[in-house]
Amino acid sequence: MQASTDAGSIPPVVAIDPGLEAAPLREAFTRFGRIHIPGFLAEPSAMALHAALSAEREWMCSTMGGGQSIDIPVEQLEALPADQAARLIALAHAEARDGFHYMFDNLRISDRIGKSEPLNPVYRAAFDFLNGPGFLDFVRDLTGDARPARVDAQATRYEAGHYLTDHDDKKPEAGRLYAYVLNLTPRWRTDWGGLLTFIDDDGHVAEAYTPAWNALNLFRVPQSHAVSFVAPFAGASRLSITGWVRSAAPSR
């Protein structure tokens, strides 16, 4: 297995595009509670993150079974006989039909940092950026909310057949204020699926964001949303860094 770290490399500086300002976007965010911001990172930052995600070999397939979260190394899934893999997919789809369910690949950046486990320095640079003044001040300016104090992060990869069903991220004890998705796929067609969809009280799609290159999606929690099924003919992996912007400490 290829390691997730490269001790000989120099971590890049991850930074927001210097021409981007939060204040002109505040009215739209206040009105809708969500926003899609193209060209969020400086281009070299986005390219470095995309390169790291594209080369990653330690993905875990994150899914559910019997209502419980399960992480399975992707290399183990790929080694399953075809009939066993088909049964796993069938069971997942049966659970997804009428309830909350998901299937996508991830690498839990925050958890690895918390456990001092090996980590690609590009991911560490992204984590430090997200928890630094550049990002947190941008979020505070955008939302008009002084509470954002920390951010967690995971790398995600949606392949053909992956999905995330309707949910609202509500978890008061966790201090979640806003959810974010930093999209890092250079080319994506809307008809490939994998759209971040926001669902209104009538069950209709109120709005949907295509995972456009180097765009930040930020939305208030709780808010009903899903990631639509990625089509079998999708021509790329849907890559991103995702997580929650949180208050200073979890409430107990």
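The structure contained in this document is the topic of the report that follows. Values in this document were obtained by computation on a predicted structure and should not be read as measured data.

## Re the packing of helix α2 (residues 43-55) against helix α6 (residues 121-130)
Packed helices, taken two at a time, are described by the angle between their axes plus the distance between the axes.
Item 1. The geometry of α2 relative to α6 is characterised by a closest axis approach of 9 Å and an angle of 130° between their N-to-C directions. Relative to α6, α2 is oriented oblique. α2 and α6 meet at a crossing whose hand is left-handed. Every residue of α6 that contacts α2 at Ala48, Leu49, Ala52 and Leu53 is listed here: Val122, Tyr123 and Ala126.
Item 2. Residues that form the contact of α2 with α6 fall into these classes: seven nonpolar, no polar and no charged.

## Section: the nonpolar core
Where a protein is soluble and globular, its nonpolar side chains tend to be buried together.
Item 1. Core analysis: the biggest nonpolar cluster contains 48 residues, and Phe40, Ile109, Phe135, Tyr180, Leu218 and Ile241 have the highest contact counts within it.
Item 2. No other element matches the seven residues that α6 contributes to this core.
Item 3. Among residues more than four places away in sequence, those in contact with Ile241 are Leu53, Ile109, Leu130, Ala153, Gln154, Ala155, Tyr180, Val181, Leu182 and Leu184.
Item 4. Judged by nonpolar contacts, the second largest core, of 10 residues, contains Phe104, Leu164, Trp192 and Ala234.

## Quick notes on the pattern of salt bridges
Item 1. Tallied over the entire structure, the rule returns 11 salt bridges.
Item 2. Across the pair Arg246 and Asp152 runs a salt bridge whose closest N-O atoms are separated by 2.4 Å. In this pair, Arg246 sits in strand β13 (residues 238-246) while Asp152 sits in the loop between β5 (150-151) and β6 (154-158), placing the two residues 94 residues apart along the sequence.
Item 3. Assessed through its relative accessible area of 11%, Arg246 is described here as buried.
Item 4. Residue classification places Asp152 among the buried residues on the basis of a relative accessible area of 16%.
Item 5. Residues joined by salt bridges that share partners form a network here, namely Asp105, Arg157 and Glu159.

The rules behind the values
- Residues numbered from 1 in each chain as written.
- Predicted model: local features only at pLDDT ≥ 70, side-chain atom pairs only at ≥ 80, totals over all residues.
- Heavy atoms only, no water.
- Axes fitted to C-alpha atoms, helices over the stretch in contact; angles between N-to-C directions.
- Helix = DSSP H or I, 4+ residues; strand = E, 2+ residues; numbered from the N terminus.
- Parallel < 35°, antiparallel > 145°, perpendicular 65-115°, else oblique.
- Left-handed = near helix turned anticlockwise from the far one by under 90°.
- Contact = heavy atoms within 4.5 Å.
- Nonpolar A, V, L, I, M, F, W, Y, C, P; charged D, E, K, R; others polar.
- Core = buried A, V, L, I, M, F, W, Y, C linked by side-chain atoms within 4.5 Å.
- Buried < 20%, exposed > 50% of the residue type's maximum accessible area, 1.4 Å probe, protein only.
- Salt bridge = Lys/Arg side-chain N within 4 Å of Asp/Glu carboxyl O.

It is worth stressing that arrangement in space is one thing and function is another; only the former is reported here.
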